[in-house]
Amino acid sequence: MASKLLRAVVLGPPGSGKGTVCQRIAESFGLQHLSSGHFLRENIRAKSEVGVLAKQYLEQGLLVPDHVITSVMMMELEKKQSQHWLLDGFPRTLVQAEALDRICDLDLVINLNIPFETLKDRLSARWIHPASGRVYNMEFNPPDVHGIDDITGEPLIQREDDKPDAVAVRLRKYKEAAKPVIELYKSRGVLHSFSGTETNKIWPYVYTLVSSKVRPVHSKEAN
Ligand SMILES: Nc1nc2c(ncn2[C@@H]2O[C@H](COP(=O)(O)OP(=O)(O)OP(=O)(O)O)[C@@H](O)[C@H]2O)c(=O)[nH]1
Ligand SMILES: Nc1ncnc2c1ncn2[C@@H]1O[C@H](COP(=O)(O)OP(=O)(O)O)[C@@H](O)[C@H]1O
C-alpha cells in the first residue's frame, strides 16, 4: 500500500454525520481528525481574537468569513504536515477549496447526502462534550450516563446553533456554498458520495473506501 500521507475531506450538510464518520475513521485508521467547527468553538471558549470575531457568526448559524477560517485551518494543517489527516467542515466554499489547493492535492473527498428532515431531527437531539468535541445523540449514540461525557465524566452541552432558527439558516447556507465545491471535486474524480438516513449503514462503504488508501490500525497487516 502507498506510503503517501492521506489528504482527505468529508463534506456534508450540518447534522449529516461528518463528525461521527470522522471520529470512526480517525479511530479505525489512526489519522488526525481536524474539525473547523471544533477549532472555532475552542477559540470562542478561549476568547481569542478569532473566537471573539467568530462568535457572532456561529450564534446565528452563518459562515465565518473565508479569510478567518482559512487562516485557522492553515495554522492547524501546518502542525500536522507529517501525519495522515481528514478535514471535517473545511473547505465549505470555493474560496476555501482554492486555498486548500495551494497547499496539497486531495486524495479522497467523502460526500454525505442525507435528507433534510433527518438532519433537522438529528440536530435537535445532539449533545457534545465541549472540550474534546465528542458528539452524542440522545437516541442514536447516547452517553453511558445521561448528560455526562463517557471519557472524562464532564457535563455535555447543546450547541447554540442547534436551536431551530439557526439550524434552518445553516442548512440553506450550506447548500448554496457547497454546490461549487462538490462540482470541483467531482470534476477532479476524487468525490465519493454516500446517500442514506443511517450512519451505521453508510459506514461499511466508507470503511472499505478508506481501506483502499490507508491501512486500518487493528488489521492483521498492521500488527
Ligand atoms: N438517529 C441517528 N443519529 C445520527 C446518525 N448518525 C449521526 N447521528 C447523530 O446526529 C447528530 C449529528 O451528527 P454529527 O456527526 O455531529 O454531524 P455533522 O455533520 O458533523 O454535524 P455538524 O457539526 O453540524 O456539521 C449527532 O448527534 C450524531 O450522534 C444516525 O445514523 N442516526
Ligand atoms: N469552513 C467554514 N467556513 C465558514 N464557517 C465555518 C466553517 N466551518 C465551521 N464554520 C462555522 O462554525 C459553525 C459550526 O460548524 P460545524 O461544527 O462544522 O457545524 P455545521 O456543519 O453544523 O455548521 C458553522 O455554522 C459556521 O458558523
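Reading guide: rules and limits
Residues numbered from 1 in each chain as written. Chains lettered and ligands numbered in written order. Predicted model: local features only at pLDDT ≥ 70, side-chain atom pairs only at ≥ 80, totals over all residues. Heavy atoms only, no water. Pairing = 2+ DSSP bridges. Helix = DSSP H or I, 4+ residues; strand = E, 2+ residues; numbered from the N terminus. Axes fitted to C-alpha atoms, helices over the stretch in contact; angles between N-to-C directions. Near = heavy atom within 4 Å. Polar contact = N/O pair within 3.5 Å; in protein donor to acceptor, adjacent residues only side chain to side chain. Nonpolar A, V, L, I, M, F, W, Y, C, P; charged D, E, K, R; others polar. Areas by Shrake-Rupley, 256 points an atom, 1.4 Å probe, with all protein chains shown as cover. Buried < 20%, exposed > 50% of the residue type's maximum accessible area, 1.4 Å probe, protein only. Contact = heavy atoms within 4.5 Å. Parallel < 35°, antiparallel > 145°, perpendicular 65-115°, else oblique. Left-handed = near helix turned anticlockwise from the far one by under 90°.

*Asks:* Explain the sheet that holds strand E4 (residues 108-113) residue by residue, including any values.
*Replies:* Taken in spatial order, the five strands line up as E2-E3-E1-E4-E7 in an open sheet, and their pairing is parallel. Unpaired on one side and paired on the other, strand E2 (32-35) and strand E7 (191-195) mark the two borders of the sheet. Across the sheet, the axes of successive neighbouring strands diverge by a mean angle of 20°, strand direction being ignored. Both strand E1 (residues 7-11) and strand E3 (residues 85-88) contribute to a ladder of four bridges, which runs parallel. Bridging from a neighbouring strand, Val9 pairs with Leu87 of E3.

*Asks:* For the site of ligand 1, give the residues involved together with the corresponding values.
*Replies:* Not every one of the 20 residues close to ligand 1 is listed here, only the nearest: Lys18, Gly19, Thr20, Arg126 and Thr199. With respect to ligand 1, the side chain of Lys18 contributes an N or O atom lying 2.7 Å from an oxygen atom. Thr20 places a polar side-chain atom, nitrogen or oxygen, 2.6 Å from an oxygen atom of ligand 1. Looking at the shell around ligand 1, the elements that each hand over two or more residues are helix H1 (18-29) and strand E6 (135-137). Its residues placed into classes, the shell around ligand 1 shows five nonpolar, nine polar and six charged.

*Asks:* Please give an account of the site of ligand 2 that cites residues and values.
*Replies:* Around ligand 2, the structure places 18 residues, and the nearest of them are Ser36, Leu62, Gly89, Arg92 and Arg170. Measuring from a nitrogen atom of ligand 2, one finds a backbone N or O atom of Gly89 at 2.8 Å. In the environment of ligand 2, a nitrogen atom lies 2.8 Å from a nitrogen or oxygen atom belonging to the side chain of Gln96. Expressed as a share of its isolated accessible area of 520 Å², the protein-covered part of ligand 2 is 97%. Here the shell around ligand 2 gets four residues from one element, more than from any other, and that element is helix H2 (residues 36-46). The class makeup of the residues in the shell around ligand 2 is eight nonpolar, four polar and six charged.

*Asks:* If you had to explain the side chain of Asp161 to someone new, which residues and values would you point to?
*Replies:* By the element assignment, Asp161 lies in the loop between E6 and helix H7 (164-188). On the basis of relative accessible area, Asp161 is assigned to the buried category, the value being 8%. With residues up to four places along the chain from it excluded, the contact list for Asp161 reads Leu58, Ala166, Val167 and Arg170.

*Asks:* With reference to specific residues and values, describe the environment of Gly15.
*Replies:* You can see Gly15 is positioned in the loop between E1 and H1. In this structure Gly15 comes out as buried when scored by relative accessible area, which is 13%. Along the primary structure Gly15 and Asp162 are separated by 147 residues, whereas in three dimensions their C-alpha atoms are 9.3 Å apart. Not counting the four nearest positions on each side in its chain, Gly15 is found in contact with Leu119, Arg122 and Leu123.

*Asks:* Go over the packing of helix H4 (residues 66-79) against helix H5 (residues 94-101), please, and point to the residues and values.
*Replies:* Closest axis-to-axis distance for the H4/H5 pair is 10 Å, and the angle between their directions is 30°. In this view, H4 runs roughly parallel relative to H5, as classed from their interaxial angle. Crossing angle aside, the handedness with which H4 passes H5 is right-handed. Taking contact as the criterion, the partners of Asp66, Ile69, Thr70, Met74 and Leu77 in H4 are, on H5, Val95, Gln96, Ala99 and Leu100. Its residues assigned to classes, the contact of H4 with H5 comprises six nonpolar, two polar and one charged.

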